[in-house]
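# Residue-level structure breakdown
Listed here are the chains, written in short residue letters.
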Amino acid sequence: MAHHSWAEPYKIKMVELIKMTSREEREKAIREAGYNTFLLRSEDVYIDLLTDSGVGAMSDQQWAGMMLGDEAYAGSRNFYHLRDTVEEYYSYRYTVPTHQGRGAENILSQILIEPGDFVPGNMYFTTTRLHQELAGATFVDVIIDEAHDPVSEHPFKGNVDFAKLDALVERVGAGHIPYVCIATCVNMAGGQPISLENLRRLRKWCDQHDIMLVHDMTRVAENAYFIQQREHGQQDRSIREIVHEICSLTDAATMSSKKDAMVNIGGFLAMNDPGFYEKACALVVVYEGLHTYGGMAGRDMEALAIGITESVQDDHIRARVGQVEYLGQKLIAGGVPVVQPIGGHAVFLDARRILPHIPQEQFPAQALAAALYEESGVRSMERGVVSAGRDAATGENHMPKLELVRLTIPRRVYTQAHMDVTAEAVFSVMEKAEAIQGLRFTYEPEMLRFFQARFEPVA
Ligand SMILES: *Cc1c(COP(=O)(O)O)cnc(C)c1O
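Residues numbered from 1 in each chain as written. Predicted model: local features only at pLDDT ≥ 70, side-chain atom pairs only at ≥ 80, totals over all residues. Heavy atoms only, no water.

### Re helix α7 (residues 196–209)
With 14 residues, α7 should cover 20 Å at 1.5 Å per step; its first-to-last C-alpha distance of 20 Å lies within 8% of that length. Where α7 is concerned, the buried positions are Leu196, Asn198, Leu199, Leu202, Arg203, Trp205 and Cys206. If you follow the buried residues of α7, they end up packed against α6 (162–172), β5 (179–183), β6 (212–216), α8 (220–230) and α9 (239–248). (Helix = DSSP H or I, 4+ residues; strand = E, 2+ residues; numbered from the N terminus. Expected span 1.5 Å × (residues − 1). Buried < 20%, exposed > 50% of the residue type's maximum accessible area, 1.4 Å probe, protein only. Contact = heavy atoms within 4.5 Å.)

### Let's talk about the site of the ligand
Near the ligand lie 14 residues; those nearest to it are Arg102, Asp216, Arg219, Ser256 and Lys259. Gln100 places a side-chain nitrogen or oxygen 3.0 Å from an oxygen atom of the ligand. The fraction of the free accessible surface of the ligand (380 Å²) that becomes covered by protein chains is 95%. Only α4 (101–112) and α5 (126–134) provide two or more residues apiece to the shell around the ligand. Of the residues contributing to the shell around the ligand, the split by class is one nonpolar, seven polar and six charged. (Near = heavy atom within 4 Å. Polar contact = N/O pair within 3.5 Å; in protein donor to acceptor, adjacent residues only side chain to side chain. Areas by Shrake-Rupley, 256 points an atom, 1.4 Å probe, with all protein chains shown as cover. Nonpolar A, V, L, I, M, F, W, Y, C, P; charged D, E, K, R; others polar.)

### Remarks on the sheet that holds strand β12 (residues 404–408)
Judged by pairing direction, the sheet is antiparallel, and its three strands sit side by side in the order β9-β12-β11 without closing on themselves. Edge positions in the open sheet fall to β9 (346–350) and β11 (381–383), since each of these has one partner strand only. In this sheet, adjacent strand axes meet at a mean angle of 35° when their direction is disregarded. Across three bridges, β11 lies against β12 in antiparallel orientation. The residue of β12 that forms the bridge with Glu382 is Val405. (Pairing = 2+ DSSP bridges. Axes fitted to C-alpha atoms, helices over the stretch in contact; angles between N-to-C directions.)

### Describing the pairing of strand β7 (residues 252–256)
In terms of burial, β7 is largely enclosed, as five of its five residues are buried. Two elements, β6 and β7, share three bridges in a ladder whose sense is parallel. Bridge assignment links His215 to a residue of β7, and that residue is Ala253. Sheet topology note: the β7/strand β8 (residues 267–271) ladder contains five bridges and is antiparallel.

### Quick look at unusual backbone geometry
A cis amide bond links Gln340 to the next residue, Pro341, at an omega of -5°. On the secondary structure map, Pro341 appears in the loop between α12 (314–333) and β9. Backbone geometry places Tyr35, a non-glycine residue, at a positive phi of 55°. With respect to the element layout, Tyr35 can be found in the loop between α1 (23–32) and β1 (47–48). A positive phi is found at Ser91, a non-glycine position, where the angle reads about 80°.

Structure follows, in structure tokens:
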């Protein structure tokens with residue numbers, strides 16, 4: 001078949017200038033930031049690949065929507081537009097807006113979890129697991145083993161292992177499992193998708209055991225793209241159709257709309273059950289705001305409704321994932337160890353293989369992210385032992401198999417030339433890998449420590 005190049009399905013109307021800093025400036029900046037890229041100032045960053053959260057470029061349509069904000073305290077027109085869009089594109093009947101994804105996770109966890117419960121999921125996510133634990137549950141990882149192996153080329157590393165689910169039911173009983181939490185395009189596994197076949201089987205499994213199925217739908221469109229590209233019989237379906245089917249296989253969803261839906265802030269909790277909706281409305285007023293705005297301004301709900309429709313366009317998602325793939329292939333060609341296959345939102349450097357001389361207790365991925373910034377001004381983030389945190393019961397560090405640095409690509413923000421410069425920065429840091437030192441904590445926050453922890457070189 002003839003290969004056709006693709007180009008971004010947009011042109012640029014407004015630009016934001018960025019500036020390169022000197023090595024001296026960067027050495028000072030990262031030292032002052034305690035070797036944590038989250039504590040750098042944005043103005044000290046050249047290419048910002050910290051996250052894809054809330055940093056996408058909105059379209060002219062979304063900006064126009066901002067002018068249509070109905071900022072009434074109750075019953076905003078934009079809420080009804082958002083609710084109808086969620087139902088049309090994602091199938092869920094009820095929508096409760098929240099300030100962002102973790103606001104939805106908090107409400108969901110408080111309603112569904114009883115202390116002593118267990119919540120299985122296809123790998124943990126930082127805020128998701130924390131809210132489960134704060135509500136009294138224990139998270140149980142039921143993702144397939146391949147997901148923990150950075151060199152496995154399994155096309156659907158986000159899949160659930162049913163033997164692990166069955167073993168959990170055997171051990172604790174279905175009555176202590178309020179729901180299964182399934183993420184599409186699993187962030188912590190490297191942006192890896194779950195297959196439609198696996199999800200359909202999971203739906204049946206949940207029905208058999210009378211357990212709810214909850215969807216962390218933060219990156220559902222990217223997952224749908226991988227299904228379209230890789231799964232038998234899905235090639236002729238649109239992203240929109242596949243997204244709708246994925247959602248309709250689940251009972252409820254939490255959404256961080258700062259990702260797929262390309263808004264700077266916002267999220268929601270969505271569900272089909274009216275009793276669950278009623279409870280969510282009662283709790284959202286405690287933590288977020290009235291049930292017709294949650295934590296969002298009317299204009300933000302309007303931009304979100306429009307962003308949802310743009311996020312499921314085939315040409316959009318091909319270019320979005322294509323850009324990540326472009327960077328990934330460039331790094332692979334240069335001999336850089338990365339998680340494969342390349343994920344939907346980011347390229348993950350395998351810090352274990354790049355820095356074999358640094359033991360996991362000295363945070364190799366944290367050290368690599370700091371070194372990459374020092375070398376080039378490219379900001380990335382750690383996804384390894386620092387992000388994994390400590391076991392709630394024992395206080396010991398979780399020691400994840402994956403010790404990764406995430407180069408996260410914001411949607412519609414950077415060009416192919418920025419990807420080239422980023423790849424060259426990684427090559428330079430690889431050449432100096434042996435000189436990179438491990439780190440130790442000088443400050444360790446109790447919860448979600450990766451955001452604000454500070455370090456110093458072990459020396
Ligand atoms: C970002 C994210 C969240 C949390 O959303 P926020 O909007 O940052 O609160 C939850 N799950 C996944 C998979 C995410 O990537």
